[in-house]
Amino acid sequence: MEKIEKMFELLRAGGEYTKTDLAFYTELSPGKIKAALISEDPNYRFPIYNLIELKDTSFSSEVEKRFDTLEGKFFTSNLDKRYEESIEEIILASLDATMWGYGVVEAYLDADVKLCFRRIEKEYFFFKEKKLYLKDANGKEFEPKAPRYIIFKKRAKALKLLWLIFAKHFVLSHYMKFTEFLGVPPIIVNASSSDKEIISAISESMRRLKSGSYAVLGKDDIAKVLEGKGSQSDFMAFVQYVDKEIAKSINGSTLSSNAGTTGSLALGQVHEANRYEIISKDAKVAGRCIAKAFAIFGINAEVTILVEKDKDLYQRAQTLDILGRNGYKMTPKQIAVEFDFPEPANNTVSNKKLLSKNVKVDNLPTDKFEAFTPPTKHEEEIKRALNAILKEANSYEEAFDLLIKAFPHFKLESLERELEKVVANSMILGATDEE
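Just so you know, these numbers come straight off a predicted model, no measurement behind them.

## A closer look at the pairing of strand E3 (residues 115-120)
Sheet topology note: the strand E2 (residues 102-109)/E3 ladder contains six bridges and is antiparallel. Paired with Tyr108 across the bridge in E3 is Cys116. Two successive antiparallel strands, E2 and E3, enclose a turn made up of five residues, where Val113 displays a positive phi of approximately 60°.

Here's what the structure looks like:
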């Protein structure tokens, strides 16, 4: 207990921090990418992470989608409601660790001197000798340490995309040169004379044409332009390939991103299953990070992030209906959790309703027609006779003839009506028994 109290004494109001300088990381280069991939020093990686997130819209949108997906999920916890914002901040920090390798939350005291947590974004990170540092508002460097700072570490998912994103932007740079070359082609002029004044006059004329470039050659000089067989589609095909790989690596699918063009229901279901597995894994990691952060201050945090199994509620309802007819029972509370519904206001459901909707049983009123209207004396007499006659008769007509002989003084309309009723009820009862 004393240890926890000392930890609280180390906390204070939330601090202000200075962002990392990106002055030397304004463009992607092979040397910087190679250093980031080969070296284990995060100081080579995080400036590039920040740069590609700003430079590559496809990459940044996929990252944002993964963060938004988990951040938008409902969660339940055993903690006070005032911790909800802190829990959300820790969830984002856990995603930082998954995507970038490091996630940091700061524990601080709010205006009411209550424990809170907030995420510190990667723009404030920098590293020395492979150790994480921050800068305060005055630019003073310090190493964040527990209990005020909780650091989560994982293998960065963005790391394996660095080379592919560099290749994409290398191709894009040449695509822009290709477009510029076709849009404003160079001009080559064969001059009639090599006289200096003539060459100068031709050069001045070429400048006025606003060409991207020009050349003035003597009449005996020869200029040739190499003709490539490539086209704009060659460049864009590679860019689309990279975007698809980015989408698959981060979110497990391409149909929901700008990289996906066509698909089928089966492919969509596969991608949805992959996405569900990714979200479930992120939820488990976030749950562990939340428990770790609160445990430092002696608080047992049990947080469950609700991840839907699928979006087709009707299909899930059909599945539960089939299970119910085969004896599988669910309480109203369990059904509410399964469908992400609030619990019923009145949670007292009669046994009769539960049985009729959720359990397969014998001898329900709908299974025996006699349960609705008690038979009369004449109906009982006719039914007993009918049962005996139907065993001997091979057709409806034969049964009717036998009935007339058995009941010569009974009205024909009554006999016919009772016969039709018994035959119909026998057929329906037989059909229900077969099920």
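From this point, the narrative continues.
## Side note on unusual backbone geometry
Note: most peptide bonds trans; most residues except glycine with negative phi. Residue Pro147 follows Ala146 across a cis peptide bond; omega there is 10°. Phi is positive for Glu129, close to 50°, though the residue is something other than glycine. Positive phi, close to 65°, is recorded for Lys130, a residue that is not glycine. Topologically, Lys130 is positioned in the loop between strand E4 (126-128) and strand E5 (131-135).

## A closer look at the packing of helix H4 (residues 57-71) against helix H5 (residues 84-100)
Running from N to C, H4 and H5 point in directions that differ by 145°, and their axes come no closer than 10 Å. In this structure, H4 meets H5 at a crossing whose hand is right-handed. Where H4 approaches H5, its residues Phe59, Val63, Arg66, Phe67, Leu70 and Glu71 are matched on the opposing element by Ile91, Leu92, Leu95, Asp96, Thr98, Met99 and Trp100. Looking at side-chain class alone, the contact of H4 with H5 contains nine nonpolar, one polar and three charged residues.

## A few points about empty space enclosed by the protein
Taken as a whole and assessed by the stated rule, the structure comprises one cavity of 30 Å³ or more. The space that makes up the largest cavity amounts to roughly 40 Å³. Together, Arg66, Thr69, Leu70, Asn251, Arg275, Ile278, Ile279 and Asp282 line the largest cavity. The leading source of residues in the lining of the largest cavity is helix H9 (residues 265-295), at four residues.

The rules behind the values
Residues numbered from 1 in each chain as written. Predicted model: local features only at pLDDT ≥ 70, side-chain atom pairs only at ≥ 80, totals over all residues. Heavy atoms only, no water. Pairing = 2+ DSSP bridges. Helix = DSSP H or I, 4+ residues; strand = E, 2+ residues; numbered from the N terminus. Axes fitted to C-alpha atoms, helices over the stretch in contact; angles between N-to-C directions. Left-handed = near helix turned anticlockwise from the far one by under 90°. Contact = heavy atoms within 4.5 Å. Nonpolar A, V, L, I, M, F, W, Y, C, P; charged D, E, K, R; others polar. 1 Å grid on protein atoms, 1.4 Å probe; cavity = no way out; pocket = protein on both sides within 12 Å on 5 of 7 lines; lining within 4 Å. Points joined across faces, edges and corners; volume = space filled by probe spheres on them.

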